[in-house]
Amino acid sequence: MDWKPHAAALAAEITHPGSGCWIPIKETPRHLLVERWFTPSEHGWTALDGPADEKRWAAAAYSDTTLVTRIGSVHADQAEPGQSVIGLPTSSSTLPSLVLTMLRHGRLTPGVRLLDVATGSGYSAALACQRLGDDLVTTLDVDPYLTQVAAERLERIGYNPTVVTADAGADELPGVFDRIVSMVSMPRIPAAWLSALAPAGRLVTTLTGTGLIVTADKTKDGGAKGRVEWDRGSFMTTRTGDDYPPRLQDVFTKAVDQDGDEVTTSPFPVLDVMQAWEVWSMLSLAVPSIEHRNGTGDDGSRTTWMLHPNGSWARATTTPGEHSATVHQSGPRRLYDELESIRWRWIERGELPVYGAQVTITPDGTTTLSRGRWSATL
């Protein structure tokens, strides 16, 4: 495959010649890091083989698109081409523009030692090696297959960063770093990250269940201070095993069509919360571990479900031609009321305070976001 024109076109799409990322994007053969991937299909996710169709391979690898490489415990490398797999994505090669956004916030100046959290396909590590040199880049993933294959493929294209298999959310980090940039979302900042961050070092991550990118610089007390950036970004959440815990199917079974303990009418139509990034982020901070599902009825009605591990659930439906919603709720927490209060705040004030919020992290990892009178602590 003559991949260089495709890489040059990708570079022109997501960056510019004056950027420090221009050359890395142009000179990194992303297709060799993602030989197989999954695409959504009617029956779940279907495995595609790049070498079997080089035109499709080039189009996928050099588009600004996330390529899902693992569903549940099944990696695309281990699936038969055309095989359908059901489950949640557990690894991917993230869309290049978001990778660049995270590296840009990491301020990769010459000489800094970088920890790239969540190796995945190895693409972010390859770009970092181009910027800093192999000896200054360490990349880490919880999955031994991913680290093994990424190391092999990175070496094949000329890069040799330090590749480590470890759980970034639980294990001590393998060294001291001037920059920690995470390509996986974290529920909170691990204390081990702060311990491994050099004086005046910088960390960059997204927060689980939100579209928030947090940047923070280490302070003299061993904590860190920074902000929620105005850019938005979201990654898969960190995991400790081969797959994520089971989704809340038992709660969903109750929520599908049962009457709730409380039935009300909302003045707002149904909202696809995860497409409204500010609202989604605020709600996830207020109610961690909330899960969302959406559906459309045969008559065109729109329904959203909100589920929580404590057994709480909410269901709201807007019928065609209506601008309100019928809401059913049950369980110890009124999830839809939480959403409604955020939507009212959004309407009354014209914005929500999450983007641009100040971030304070104590040495034990306790993270507080604040803006004006609003605050949330993780």
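The structure displayed is predicted, hence computed values, not measured ones.

> Explain the overall build of the chain to me, please; I cannot follow it from the model alone.
Within the chain, the regular secondary structure consists of 10 helices and 21 strands. Against the globule reference of 21 Å for 378 residues, the chain gives a C-alpha radius of gyration of 22 Å, in line with a compact fold. Across the 378 residues in the chain, those meeting the buried criterion constitute 52%. On the chain, roughly 16,500 Å² of surface is accessible, and the fraction owed to carbon and sulfur atoms is 50%.

> How should the packing of helix H9 (residues 277-286) against helix H10 (residues 335-349) be read in this particular structure?
When two helices pack together, their arrangement is given by the angle between the helix axes and by the axis-to-axis distance. Put simply, H9 and H10 touch, their axes get as near as 10 Å, and they point 135° apart. Overall, the two elements H9 and H10 adopt an arrangement that is oblique. Crossing angle aside, the handedness with which H9 passes H10 is right-handed. For the pair H9 and H10, the contacting residues are Glu 278, Val 279, Met 282, Leu 283 and Ala 286 in the first and Glu 338, Leu 339, Ile 342 and Trp 346 in the second.

> What should I look at first to understand the nonpolar core in this one?
Across soluble globular proteins, you tend to see nonpolar side chains buried next to one another. In terms of nonpolar packing, the biggest core is built from 95 residues, with Ile 180 and Leu 369 touching the most fellow members. When residues of this core are assigned to their parent elements, the largest contribution, 7 residues, is made by helix H5 (residues 123-132). Leave out the neighbours within four places in its chain, and Leu 369 touches Leu 207, Leu 212, Val 228, Leu 285, Ala 357, Gln 358, Val 359, Trp 374, Ser 375 and Ala 376. Of all hydrophobic cores here, the second largest spans 8 residues; its members include Phe 38, Trp 45, Val 68 and Ala 76.

> Looking at this structure, how should I read the side chain of Ser 185?
Along the polypeptide, Ser 185 turns up in the loop between strand E10 (177-182) and helix H7 (191-196). Here the side chain of Ser 185 touches Phe 235 through a polar contact of 3.5 Å, landing on its backbone oxygen.

> Would you explain the environment of Ala 196 in this entry?
Looking at where Ala 196 falls in the secondary structure, it is placed in helix H7. Judged by its relative accessible area of 6%, Ala 196 falls in the buried class. As a C-alpha pair, Ala 196 and Phe 177 span 19 residues in sequence and 6.2 Å in three-dimensional space. Ignoring any residue separated from it by four or fewer positions in sequence, one finds Ala 196 in contact with Leu 173, Gly 175, Val 176 and Phe 177.

> Would you explain the sheet that holds strand E7 (residues 114-117) in this entry?
Where strands meet in a sheet, backbone hydrogen bonds hold them as pairs that are either parallel or antiparallel. Read across the sheet, 10 strands follow the order E9-E8-E7-E10-E11-E12-E13-E19-E20-E21 without closing on themselves; strand pairing throughout is mixed. Across the chains shown, the open sheet's two edge strands, defined by having one partner strand only, are strand E9 (162-165) and strand E21 (374-377). Direction aside, the axes of adjacent strands within the sheet are offset by 20° on average. Of the strand pairs in this sheet, strand E20 (residues 367-371) and E21 are connected by 4 bridges, and their pairing is antiparallel. Residue pairing for E21: Ser 370 is matched across the bridge by Ser 375. Strand contacts of helix H6 (residues 144-156): strand E8 (137-141) and E9, with the helix running at about 165° to E9, the strand carrying the most contacts. This element, H9, spans strand E12 (212-218), strand E13 (224-232), E20 and E21 of the sheet and lies at about 55° to E21.

> Whenever I open this one, the packing of aromatic side chains confuses me. Can you help?
Given two aromatic rings, one states the distance between the centres and the angle between the planes to describe the pair. Scanning the entire structure with this criterion turns up 4 aromatic pairs. On the numbers, 6.5 Å between centres and 15° between planes, the contact of Trp 3 with Tyr 62 is stacked. You can see Trp 3 sitting in the segment before helix H1 (4-14) and its partner Tyr 62 sitting in the loop between helix H3 (54-61) and strand E3 (67-71), a full 59 residues away along the chain. The ring of Tyr 123 carries Arg 30 above its face, with NZ or CZ at 5.4 Å from the centroid. A cation sits over an aromatic face here: Arg 293 above Phe 252, 4.4 Å from the ring centre.

> Quick question: what am I supposed to make of H1 here?
For an α-helix, the turn length of 3.6 residues means that residues three or four places apart are oriented alike. Regarding H1, the residues found buried are Ala 7, Leu 10, Ala 11 and Ile 14. Projection of H1 onto a plane perpendicular to its axis shows the buried side chains occupying an angular sector of 100°, all on one side. Among the exposed residues of H1, those oriented more than 90 degrees off its buried face are Ala 12 and Glu 13. Buried positions along H1 lie against helix H2 (22-27), helix H4 (96-106) and H5.

> Teacher, can you tell me more about H4 here?
Most of H4 sits out of view: 9 of its 11 residues are buried. Arg 107 occupies a position one or two residues after H4 and carries a positive phi of about 50°.

> What exactly am I supposed to notice about the pattern of salt bridges here?
Once the charged atoms of two side chains with opposite charge are near each other, the side chains can pair. Considering all chains together, one arrives at 13 salt bridges under this definition. The partner of Arg 153 in a salt bridge is Glu 35, and the shortest N-O contact between them spans 3.6 Å. Taken as a pair, Arg 153 in helix H6 and Glu 35 in the loop between H2 and strand E1 (36-41) lie far apart in primary sequence, 118 residues in all. Looking at Arg 153, the relative accessible area reads 9%, which means it is buried. Of the charged contacts in the structure, one is a salt bridge between Arg 156 and Glu 35, with a shortest N-O distance of 3.0 Å. With Arg 156 in helix H6 and Glu 35 in the loop between H2 and E1, this pair connects stretches of sequence that are 121 residues apart. The exposure class of Glu 35 is partly exposed, given its relative accessible area of 22%.

Cut-offs used in this document
Residues numbered from 1 in each chain as written. Predicted model: local features only at pLDDT ≥ 70, side-chain atom pairs only at ≥ 80, totals over all residues. Heavy atoms only, no water. Helix = DSSP H or I, 4+ residues; strand = E, 2+ residues; numbered from the N terminus. Rg over C-alpha atoms; globule rule 2.2 N^0.38 Å. Buried < 20%, exposed > 50% of the residue type's maximum accessible area, 1.4 Å probe, protein only. Areas by Shrake-Rupley, 256 points an atom, 1.4 Å probe, with all protein chains shown as cover. Axes fitted to C-alpha atoms, helices over the stretch in contact; angles between N-to-C directions. Parallel < 35°, antiparallel > 145°, perpendicular 65-115°, else oblique. Left-handed = near helix turned anticlockwise from the far one by under 90°. Contact = heavy atoms within 4.5 Å. Core = buried A, V, L, I, M, F, W, Y, C linked by side-chain atoms within 4.5 Å. Polar contact = N/O pair within 3.5 Å; in protein donor to acceptor, adjacent residues only side chain to side chain. Pairing = 2+ DSSP bridges. Phe/Tyr/Trp six-rings, centres within 6.5 Å; stacked < 30°, edge-to-face > 60°. Lys NZ or Arg CZ within 6 Å of the ring centre and 35° of its normal. Arc of directions from axis to C-beta. Salt bridge = Lys/Arg side-chain N within 4 Å of Asp/Glu carboxyl O.

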